[in-house]
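What the coordinates show
So you can see what is in the structure, the chains are spelled out below.
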Amino acid sequence: MVPSDCRDNALEVPTLLGWNIFQYWLYGAIKAIGSLPRTDVQEKMKTVHFHIGPHKTGSTAIQNVIRDNSEILEQKYNLFPMDDPVIGEITKFLRKGDRISATGGLNQLADLCRSRQGDCLVSSEDFCGELPGRSRRRKPYPKLFENLNTISKAFPDIKCKFYFFVRTPADWLRSSYAQIIKYPTRFSSMEEYVEFLHTADLWDETLRKPREKLNPDFIEIRYEENADYSSVNALLRTILGYEKNLEIPNANRRHNRSPSAEIVPILEVINRSGASSDAQQLAKRWLQTCEVVPLTDASELKFPQWPVKAKKPGWLSPKFDELWERASTRGDYQEQPNILPDPFCDLSKFRTQLVDAPEEFPKGGRADMKNQERILRYRFRGLPETCYFLGLTISYLRRDTAYTEHAAYLFQRLWNEEYALLLGSLPTRWLISTFQTFLDHGVNENQRRIGAAGYFLSNILKAYEAERALDGLQPDRIYPSVTPTTKSGYVGMDRFKLGGTDLLLNTNALLLELASQDDRAGRVVQEFMLRTMAANSVFSRMDQSRIKHSIDNPQFSNCWSFFKDPRQYS
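Just so you know, these numbers come straight off a predicted model, no measurement behind them.

**Overview of the overall build of the protein chain**
Looking only at helices and strands, the protein chain features 25 helices and five strands. For the protein chain, whose C-alpha radius of gyration is 34 Å, the value lies well above the compact-globule estimate of 25 Å for 570 residues. Over its C-alpha atoms, taken along the principal directions, the protein chain stretches across nearly 130 × 60 × 40 Å. Looking at the protein chain residue by residue over its 570 residues, the buried ones come to 46%. Of the contacts formed within the protein chain by residues at least 6 apart in sequence, a portion of 75% connects residues at least 24 apart. Counting only carbon and sulfur atoms, one obtains 51% of the accessible surface of the protein chain, whose full area is about 31200 Å².

**A word on unusual backbone geometry**
Residue P54 follows G53 across a cis peptide bond; omega there is 5 degrees. A positive phi angle is found at K56, which is not glycine, with a value near 65 degrees. Of note, K56 is situated in the loop between β1 (47-51) and α4 (59-68). A positive phi angle is found at N78, which is not glycine, with a value near 55 degrees. Structurally, N78 is set in the loop between α5 (70-77) and β2 (79-81).

**Quick word on the packing of aromatic side chains**
The final tally for this structure, using the stated rule, is 21 aromatic pairs. Members of the aromatic cluster, joined through ring pairs, are Y141, F164, W172, W203 and F218. One residue, R523, lies across the ring of Y419, its end atom 3.7 Å from the ring centre.

**Here's the deal with the environment of L383**
Here L383 lies in the loop between α17 (369-379) and α18 (385-397). In the structure, L383 is positioned 80 residues away from F303 in sequence and 29 Å away in space, judged by C-alpha atoms. When neighbours within four sequence positions are excluded, L383 is seen to be in contact with V269, Q353, L354, V355, S425 and P427.

**Some points on the pattern of salt bridges**
Inspection of the entire model under this criterion finds 21 salt bridges. A salt bridge links E212 to R208, with the nearest nitrogen and oxygen atoms 3.9 Å apart. Within this pair, E212 and its partner R208 are both found in helix α12 (residues 208-214), separated by four residues, close to a single helical turn. Put simply, R330 and D440 hold a salt bridge, and the shortest N to O gap is 3.0 Å. With R330 in the loop between α16 (321-328) and α17 and D440 in helix α21 (residues 428-441), this residue pair connects regions lying 110 residues apart in the sequence.

**What about the state of the cysteines?**
One pass over the structure, following the stated rule, counts zero disulfides. Of all cysteine sulfurs, the one in C160 lies closest to C128, which takes part in no disulfide; the gap is 15 Å. According to the relative accessible area criterion, C128 is buried, its value standing at 1%.

**Some details on the side chain of S124**
With respect to the secondary-structure elements, S124 resides in the loop between β3 (119-123) and α8 (144-153). Relative accessible area serves as the criterion here: at 8%, S124 is assigned to the buried category. Those residues within four positions of S124 in sequence are excluded, and the remaining contacts are H51, I52, G53, Q63, I87 and T91.

**Thoughts on the nonpolar core**
Counting 109 residues, the largest nonpolar core has F50, I52, L109, F155 and W415 as its most contacted members. In terms of residue count, the dominant contributor to this core is α18 (eight residues). Of all hydrophobic cores here, the second largest spans 21 residues; its members include L73, Y77, F165 and Y229.

**A word on the sheet that holds β3**
In spatial order, the strands read β2-β3-β1-β4-β5; together these five strands make up an open sheet with parallel pairing. At either end of the open sheet lies a strand with only one pairing partner, and these are β2 and β5 (218-222). Adjacent strand axes in the sheet meet at a mean angle of 25 degrees when their direction is disregarded. Its contacts with the sheet place α4 against β1, β2, β3 and β4 (159-166), and it is angled at close to 140 degrees to β3.

**Quick look at helix α23 (residues 503-515)**
Its 13 residues place the ends of α23 18 Å apart at the C-alpha level, agreeing with the 18 Å of an ideal helix rising 1.5 Å per residue. Of the surrounding secondary structure, the elements contacted by the buried residues of α23 are α22 (445-470), α24 (519-534) and α25 (538-548).

**Considerations on the packing of helix α19 (residues 404-417) against α21**
Packing of α19 against α21 brings their axes to within 12 Å, and their N-to-C directions diverge by 125 degrees. Between α19 and α21, the interaxial angle falls into the category oblique. The handedness of the crossing between α19 and α21 comes out as left-handed. On α21, the residues touching T404, F411, Q412 and W415 of α19 are L431, T434, T437, F438 and H441. Here the contact of α19 with α21 is built from residues that sort into four nonpolar, five polar and no charged.

**Topic: the confidence of the model for the protein chain**
Predicted coordinates in areas of low pLDDT are best not read in detail. Residues at a pLDDT of 70 or more form 90% of the protein chain, whose mean pLDDT is 89. Counted against residues more than four places away or in other chains, residues 1-43, with its pLDDT under 50, gives 16 contacts.

**Quick notes on a positive patch on the surface**
Side chains of R366, R379, R381, R429 and K462 sit close together on the surface and give a patch of like positive charge. Along the chain, R381 falls in the loop between α17 and α18.

**Overview of the packing of α23 against α24**
The contact between α23 and α24 brings their axes to 8 Å, and the two run at 150 degrees. Comparing the axis directions of α23 and α24 gives the class roughly antiparallel. Here N508, L511, L512 and A515 of α23 lie close against α24, whose contacting residues are G522, V525 and M529.

What counts, and where the lines are drawn
Residues numbered from 1 in each chain as written. Predicted model: local features only at pLDDT ≥ 70, side-chain atom pairs only at ≥ 80, totals over all residues. Heavy atoms only, no water. Helix = DSSP H or I, 4+ residues; strand = E, 2+ residues; numbered from the N terminus. Rg over C-alpha atoms; globule rule 2.2 N^0.38 Å. Buried < 20%, exposed > 50% of the residue type's maximum accessible area, 1.4 Å probe, protein only. Contact = heavy atoms within 4.5 Å. Areas by Shrake-Rupley, 256 points an atom, 1.4 Å probe, with all protein chains shown as cover. Phe/Tyr/Trp six-rings, centres within 6.5 Å; stacked < 30°, edge-to-face > 60°. Lys NZ or Arg CZ within 6 Å of the ring centre and 35° of its normal. Salt bridge = Lys/Arg side-chain N within 4 Å of Asp/Glu carboxyl O. Disulfide = S-S within 2.5 Å. Core = buried A, V, L, I, M, F, W, Y, C linked by side-chain atoms within 4.5 Å. Pairing = 2+ DSSP bridges. Axes fitted to C-alpha atoms, helices over the stretch in contact; angles between N-to-C directions. Expected span 1.5 Å × (residues − 1). Parallel < 35°, antiparallel > 145°, perpendicular 65-115°, else oblique. Left-handed = near helix turned anticlockwise from the far one by under 90°. Nonpolar A, V, L, I, M, F, W, Y, C, P; charged D, E, K, R; others polar. pLDDT = per-residue confidence, 0-100. Patch = residues over 30% accessible without salt bridge, like charges linked within 9 Å, V, L, I, M, F, W, Y side chains within 5 Å. Lys, Arg positive; Asp, Glu negative; His and termini not counted. Charge placed at Lys NZ, Arg CZ, Asp CG, Glu CD.

Below you can see the structure in the form of structure tokens.
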């Protein structure tokens, strides 16, 4: 039976066999057309231009300019920039390796592009993948070709062109490192970053498959380092074929979100520090936003009497006579020079200055402040000058000098105005020194109480961990027994079974409650507690041993050291 539409035409197909032959011929003709070179078939196809980065080649400037000038690009150049949240969703799914969800987003994007009257421009450096170094992957952009192939398949009726800026490997690595150091703490030097990544034949290896499989629609643009270079102009001229600069406002604008050269060494210091991740992130964010806290009002501060003039109590046992003598001479008056900075100086200028000092420990003792200054510079070498000045003020406040109030005011200013950098870079020993200084020189009762609690807990913890080290016990060693196996050496001091006490929990809870009563001293306590939470100490050993031995005493089932099962934050 010949189809009616064929009978209506002038075609003479007399038999069913003839109709089948015609169908076969028609199918072959269509297939032959489909196999013609792309340039012949797709000449009139809509084109979507995908700018894919990579990172650190002016992508932010490109995205800002094309977004701000979308009307000009549409009306004058018939190029439609696509700025839709689905683009971010697509790159998120590609980063996770979820190509099914990514394809769903790409189908939405393809429909949006079809609705435009001309060609489209899509820009995201994350089409390449994540910035190398953000994860444990060592090969830069290992899924680049797979990502581009996924994009192409989602646009079967649209021509896809991909634009990749090729930057000199050394310059690209340097710029990428300056960006990556803002985030994880894995790297503390450029050398570590380069050693971590597989960068031999960087672009030849990374671009090998896109060059082979996507040519001529994978287009490389050379990125230049000179100040007059504009990645925006370079991209648009490549797409539109213009030889001269385009008539687009701010096309020469450069936007660099990487830290400045003077901040990078400070970020490296923060990454090397033993600070908590909370403190490191705060310090990095604070440095890059150039936070400046208003000058601390000296009139609001009421400094306590120093040194403390304690009177020997009548009830004191003679057994403590020697110890009392030590306590009563703790703050003897000393004649010392004043080498402190001006009390009203701009403390922010010290943030990006690193302490430079000889690698040899200075000769002489700490009695003379000038020699103590050299010792402090040795102790703080490579750290921000801010840390050194904190150590210097603490050194004055351990003594009774004519400059006690000067030093005490600077100490309060440092912990009010520069706390983020201090918490993110100070060694723990200086947090403990800070506790004692709040105890001695706190400007209110809460500071002194917080300082006392932090000082005594941290020093007892320090002594206990030192004793274990002297016994040759590893700091993370699980307790072999769940009950005490030796006689008590302290008559009347009760002991407990593993998982059968809330002692450690209550100690931490009370300390945290105290910390909440003063911002300056409280922040230091919190940082010490965060470092303790992440460390191997009596707190972690109690919790981990309880887990290992499957101890679940109903009465103390929730009495973890920090009131949280450590498996949730480890």
